[in-house]
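Structural features, examined
Chain by chain, the residues:
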Amino acid sequence: MIRVLVADDQALVRAGVRMLLQATGDMEVVAEAEDGAEAVRLAERHLPDVILMDLRMPRVDGLEAIKRVLAARPATRIVVLTTFAEDANVYAALRAGAVGFLVKDDEPERMVDAVRRAAAGEQLLAPSVLRRVVERFLAAEEQAAPDPPPGLTERELEVLALVGTGLSNAEIAEELHVGVTTVKTHIAAAMDKLGLRNRIQAAVVAHRTGLVDASFRPTRRGLG
């Protein structure tokens, strides 16, 4: 059973999300929060697997709540709920460690799928969206010479490069002719060695270090 915390300052939104998720049979909404401060407190009490976090809430906003939750429990998977996909705060939330975002007028099935994929550690951003996110992150960073990430095995470099192109675990497994569980193991090992919280940060590192080129294709360094 996937344990979910819903944080949104609108009671109607919280009620709708709760009904949607609990009807799936494999999810349980363990708590609801109406602001960021309550979200942090309830996350500590109920230890959810996934948090659906609105960004614009009173007292403590969603961005600050994300930082506080992940500081205490880095393994928590946080999906941002937003009204505007281009909201600058979305990018700040992803940088802080959120694993993806949902626009509130998305189809209900997309929210259900996002929670399941977040709980499983899967990619939550479509390649086209990932491209915009990575480009924005890189534009805001001081660029250094592209050297491969230190301490990774050749296979971990290969997997990291493919994460940077936006492929899912299943697609990476097919590309490398290995099992999905093996892919998950390599991703987890690479992220642990590099101190990364999510696949978005991993994709940024893959681009920054030259494992993926500007056309979102793996370089020979990544697969060679």
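Here the structure is a predicted model, which means the values were calculated and not measured. (Residues numbered from 1 in each chain as written. Predicted model: local features only at pLDDT ≥ 70, side-chain atom pairs only at ≥ 80, totals over all residues. Heavy atoms only, no water.)

1. What to know about the confidence of the model for the protein chain
Scored by pLDDT, the protein chain has a mean of 88; 92% of the residues are at 70 or more. The least confident element of the protein chain, judged by mean pLDDT, is helix H11 (residues 220-223) at 53; the most confident is strand E1 (residues 2-7) at 98. (pLDDT = per-residue confidence, 0-100. Helix = DSSP H or I, 4+ residues; strand = E, 2+ residues; numbered from the N terminus.)

2. Here we look at the environment of Asp-35
Inspection of the secondary structure puts Asp-35 in the loop between strand E2 (27-33) and helix H2 (36-46). You can call Asp-35 buried: its relative accessible area is 3%. With 140 residues separating them along the chain, Asp-35 and Glu-175 place their C-alpha atoms 43 Å apart. Other than its neighbours up to four places away in sequence, Asp-35 contacts Met-57, Pro-58, Arg-59 and Val-60. Reaching out from Asp-35, the side chain makes a polar contact with the side chain of Arg-59 at a distance of 2.9 Å. (Buried < 20%, exposed > 50% of the residue type's maximum accessible area, 1.4 Å probe, protein only. Contact = heavy atoms within 4.5 Å. Polar contact = N/O pair within 3.5 Å; in protein donor to acceptor, adjacent residues only side chain to side chain.)

3. Comments concerning the packing of helix H7 (residues 154-164) against helix H9 (residues 180-194)
Running from N to C, H7 and H9 cross one another at 95°; their axes reach a closest spacing of 9 Å. With respect to H9, the element H7 is oriented roughly perpendicular. Facing H7, whose interface residues are Arg-155, Glu-156, Val-159, Leu-160 and Val-163, H9 presents Val-183, His-186, Ile-187, Ala-189, Ala-190, Lys-193 and Leu-194. A breakdown of the residues in the contact of H7 with H9 according to their chemical character gives eight nonpolar, one polar and three charged. (Axes fitted to C-alpha atoms, helices over the stretch in contact; angles between N-to-C directions. Parallel < 35°, antiparallel > 145°, perpendicular 65-115°, else oblique. Nonpolar A, V, L, I, M, F, W, Y, C, P; charged D, E, K, R; others polar.)

4. Points about the sheet that holds E2
By definition, the strands of a sheet pair up through backbone hydrogen bonds, in either a parallel or an antiparallel sense. Pairing is parallel in the open sheet, where five strands are placed in the order E2-E1-E3-E4-E5. At either margin of the open sheet sits one strand with a lone partner, and together these are E2 and strand E5 (100-103). For this sheet, the mean angle separating the axes of adjacent strands, direction not counted, is 25°. As judged from the five bridges shared by strand E3 (residues 50-54) and strand E4 (residues 77-82), these two strands associate in the parallel manner. (Pairing = 2+ DSSP bridges.)

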